[in-house]
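Below, each chain spelled out in residue letters.
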Amino acid sequence: MLDKKPFVVVTRRLPDRVEARMRELFDVRLNGDDRAYGRDDLARAMAEADVLVPTVTDRIDAELIEAAGPRLKLIANFGNGVDNIDVAAAHARGIFVTNTPNVLTEDTADMTLALILAAPRRIVEGAGYLLGEDRWAGWSPTWMLGHRIHGKRLGIVGMGRIGIAVARRARAFGLAIHYHNRKRAAQAIEEELGATYWESLDQMLAHMDIVSVNCPYTPATFHLLSARRLELLRPSAFLVNTARGEIIDEDAMIRLLEDGRLAGAGLDVFEHEPKVDERLCKLAEKGRVVLLPHMSSATIESRIEMGEKVIINIRMVASGDRPPDRVLPSMV
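Residues numbered from 1 in each chain as written. Predicted model: local features only at pLDDT ≥ 70, side-chain atom pairs only at ≥ 80, totals over all residues. Heavy atoms only, no water.

Per an unreviewed UniProt entry, the protein chain goes by D-glycerate dehydrogenase and derives from Roseitalea porphyridii. Quoted verbatim from the Sequence similarities (unreviewed entry) field of the UniProt record, the comment on the protein chain reads "Belongs to the D-isomer specific 2-hydroxyacid dehydrogenase family." (UniProt positions renumbered as here; feature names shortened; annotations may be inferred.)

## Description of the layout of surface pockets
Looking at the second largest pocket, its volume works out to about 220 Å³. The wall of the second largest pocket is formed by 17 residues, among which E125, G287, R288, V289 and V290 lie closest to the centre. The set of elements that each furnish at least two residues to the lining of the second largest pocket consists of α5 (105-121), α6 (123-128), α12 (278-285) and β12 (289-291). Here the element with the most residues in the lining of the second largest pocket is α6; it accounts for 3 residues. Split by residue class, the lining of the second largest pocket holds 11 nonpolar, 2 polar and 4 charged. (1 Å grid on protein atoms, 1.4 Å probe; cavity = no way out; pocket = protein on both sides within 12 Å on 5 of 7 lines; lining within 4 Å. Points joined across faces, edges and corners; volume = space filled by probe spheres on them. Helix = DSSP H or I, 4+ residues; strand = E, 2+ residues; numbered from the N terminus. Nonpolar A, V, L, I, M, F, W, Y, C, P; charged D, E, K, R; others polar.)

## A word on the packing of helix α11 (residues 250-258) against α12
At a minimum axis distance of 10 Å, the contact between α11 and α12 shows a crossing angle of 35 degrees. Of the two possible hands of crossing, α11 and α12 adopt the one that is left-handed. On α12, the residues that touch E250, D251, M253, I254, R255, L257 and E258 of α11 are R279, L280 and L283. Taken together, the residues of the contact of α11 with α12 break down into 5 nonpolar, no polar and 5 charged. (Axes fitted to C-alpha atoms, helices over the stretch in contact; angles between N-to-C directions. Left-handed = near helix turned anticlockwise from the far one by under 90°. Contact = heavy atoms within 4.5 Å.)

## Looking at unusual backbone geometry
The step from E273 to P274 runs through a cis peptide bond, and the omega angle for that step is 5 degrees. Positioned with a positive phi, D34 is a non-glycine residue whose angle comes to about 60 degrees. Here D34 is to be found in the loop between β2 (27-29) and α2 (39-48). What makes D34 partly exposed here is its relative accessible area of 31%. (Buried < 20%, exposed > 50% of the residue type's maximum accessible area, 1.4 Å probe, protein only.)

## Considerations on the sheet that holds strand β9 (residues 210-213)
Pairing between the strands of a sheet comes from backbone hydrogen bonds, and it takes one of two forms, parallel or antiparallel. In spatial order, the strands read β8-β7-β6-β9-β10-β11-β12; together these 7 strands make up an open sheet with parallel pairing. Lying at the two open borders of the sheet, with one neighbouring strand each, are β8 (196-197) and β12. Of the pairings in the sheet, the one linking strand β10 (residues 238-241) to strand β11 (residues 264-267) comprises 4 bridges and is parallel in character. Bridge assignment links V240 to a residue of β11, and that residue is G266. Where helix α7 (residues 161-172) meets the sheet, its contacts fall on β6 (153-157), β7 (176-180) and β9, and the angle it forms with β6 comes to roughly 170 degrees. Contacting β11 and β12, α12 runs over the sheet at an angle of about 115 degrees to β12. (Pairing = 2+ DSSP bridges.)

Right, here's the structure in full:
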């Protein structure tokens, strides 16, 4: 059990409503200027706090956890994943790790479908013509031709909550649903979606028109779409990623795009965030890819819900109970 008002350090600015509630409940240090914490900042916070509230931009490795002060009892991640935290090291120190699950599903699925539409239909490229120096000259039957998505095959890599939400949206647009997952989905889900399960990821990739990456990032999924697997994609295929940039071998993907061996991509995440490869930026300028700045979950509603989950987890640990969103090493 922690003090009545545990000392909580929050590494990034959160919605006003969430911060106001934290001020009421905790002795909290907020980040008013929203400057990302460096490693030394994290070390100092972990040396004195009861609770650390980091985000995906904070890398909390075993060394930082080992040096944490004896007061630290909870790392309450403001995010759905925990790939930025060494969960095993925290567990060994008796420090709880929590996340904010079941909040981002619908928002991420919305953005995934937006990219599924935007890349083949050249939506961003077309919009640019109304704002750039080369003004629109008027309709022409052969200008800005994209690709129809109705009737195409969508291959979903990772049929969890987000993958299923994407499939429901995509089916309404006439896409045929295919998927690869560690475990086959329930029969009722397959029947609802008319979904085809592929035990072999390699075989699925070779037959898809659009591939959407929706699996979590873990050591096992690092470069899951490796150079070899990306080579299996059809030259006419489009690749969409709203999960984590590290799941795709970004360099290999770029080379395929540059060589015309991949039709296009819609990317909301990148392997070396916040850095975006200059080659991708050049491809975007040519209309070959659609790039977004990691904003799939960026809705006011989701951020408030995430904050509410963080607060609940902190209050449960402070009262001596197990937090509802605890993450164990076996779950990563």
